[in-house]
Amino acid sequence: MSSAGTTGSPVGGLLEHALGAARAAAVRAAVTLGLPEALGEAPATAEDLASAVGAHPTALRRLLRALTSHGVFAEDGKGSFVHTESSRALREDSPNSLKHLVLWCTEPWLWSLWGRLDESVRTGSEVFSDAYGRRFYEQLHTQWPESAGVFDRAMTQQARLSAMTLADMIPLAGTDTIADVGGGQGLVLRTLLERHPRALGYLLDLPGVVADADARLRPGGELADRVHLVPGDCLREVSVRADVYLFKNILGVDADASVRILRNAVASAPPGARMVIVDDFVDGDGEGRALASAMDLRMLLVIGGQKHTRAGLLEIVERAGLTVRRVRPVDSSLHMIEAVAP
């Protein structure tokens, strides 16, 4: 099918959307081939890069053509390729690397699920368990150890992107105790404890996740004497008493389950404990809206979960018995709800 005459037209835009999988596949291929690391500070030809990564020169040039059309790498006008801000973010050694997040968003097991999105929309349920025979987290942690490793590293990268900003924003007095509920490897908690040297912390997550917590939080680490690692499932219990509870990107389940997580914290919290909920609003503005809406559909497919609207998340917070004090943006995507327990 020819694309002549479609550039800049509604037809061209629709076809570009329909071929969006090619864009995702191209970015994944760049990472898995090691192109971002192979290209240094000096311009390099497609032939140079093909030799470095073990690829077919002509095919690699075609991949680079697709990537540069979206600002991932650029051509220098002399037949060579150079880095852009986007391609540098795919490097492992970038301070704000997105490498593992990109891999996580494009894992091979996900591709076939997108073709069943209409089924999820009809039923309002996930299709993962039908496709693979188990619920997502069971399959991930028992059958796909490599993908589980990508997930852990991706969540750490995601936390790193906002950790410093959150440490500045979270209302934490010097001697507070903070419970990071579903806090993964504990990067945000670590940043908070480094910022507040008299504070104490609890890191709550599934046993396998807590066992792989940031080395500075584990026994023998420099912050170990100020941290308790608490294995468990927040859908069943939040078993610690703290001054501040943090829930970052963990309320992506149905509304009733989200309320249950918050109520579990309330059951252990002292009166007036501060509850900090950090998440995306699927009805936010700008690029944050596009990202959140895409993640919302992925969550529907994979776990039957969702990203909440602003009003929907505030309703969840209030149903849990919390009183909302303030709502403010963290970045172009994330928002922070500050509330207090009864």
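Residues numbered from 1 in each chain as written. Predicted model: local features only at pLDDT ≥ 70, side-chain atom pairs only at ≥ 80, totals over all residues. Heavy atoms only, no water.

J.: An account of the overall build of the protein is needed here, citing residue identities and associated values.
T.: Counting its secondary structure elements, the protein contains 17 helices and nine strands. Taking 20 Å as the expected radius of gyration for a compact globule of 342 residues, we find that the protein reaches 22 Å, a close match to that expectation. Across its three principal axes, the protein shows a C-alpha extent of roughly 65 × 50 × 40 Å. Looking at the protein as a whole, 47% of its 342 residues qualify as buried. (Helix = DSSP H or I, 4+ residues; strand = E, 2+ residues; numbered from the N terminus. Rg over C-alpha atoms; globule rule 2.2 N^0.38 Å. Buried < 20%, exposed > 50% of the residue type's maximum accessible area, 1.4 Å probe, protein only.)

J.: Residue-level account of unusual backbone geometry, with values.
T.: At phenylalanine 73, a residue that is not glycine, the phi angle is positive and equals roughly 75 degrees. Accessibility expressed as a relative area gives 2% for phenylalanine 73, which makes it buried. Here asparagine 249, not a glycine, exhibits a phi torsion of approximately 55 degrees, which is positive. Residue position: asparagine 249 is located in the loop between β6 (244-248) and α15 (255-268).

J.: Any details on the packing of helix α11 (residues 136-143) against helix α12 (residues 145-169)? Residues and values, ideally.
T.: Following both chains from N to C, one finds α11 and α12 inclined at 110 degrees, their axes separated by 6 Å at the closest point. Viewed along their axes, α11 and α12 adopt a mutual orientation that is roughly perpendicular. Taking contact as the criterion, the partners of Tyr137, Leu140, His141 and Gln143 in α11 are, on α12, Pro145, Ser147, Ala148 and Phe151. Here the residues of the contact of α11 with α12 sort into five nonpolar, three polar and no charged. (Axes fitted to C-alpha atoms, helices over the stretch in contact; angles between N-to-C directions. Parallel < 35°, antiparallel > 145°, perpendicular 65-115°, else oblique. Contact = heavy atoms within 4.5 Å. Nonpolar A, V, L, I, M, F, W, Y, C, P; charged D, E, K, R; others polar.)

J.: I'd like a rundown of the sheet that holds strand β4 (residues 200-205), residues and numbers included.
T.: The seven strands are arranged β5-β4-β3-β6-β7-β9-β8 in an open sheet whose pairing can be described as mixed. Each edge of the open sheet is held by one strand with a lone partner, namely β5 (227-231) and β8 (323-329). Neighbour-to-neighbour, the strand axes of the sheet open up by a mean angle of 20 degrees, direction not taken into account. Sheet analysis places strand β7 (residues 274-280) next to strand β9 (residues 334-340), joined by seven bridges and oriented antiparallel. Of the residues in β9, the one forming a bridge with isoleucine 277 is isoleucine 337. Sheet contacts for helix α13 (residues 187-195): β3 (177-181), β4, β5 and β6; angle to β4, the most-contacted strand, approximately 180 degrees. (Pairing = 2+ DSSP bridges.)

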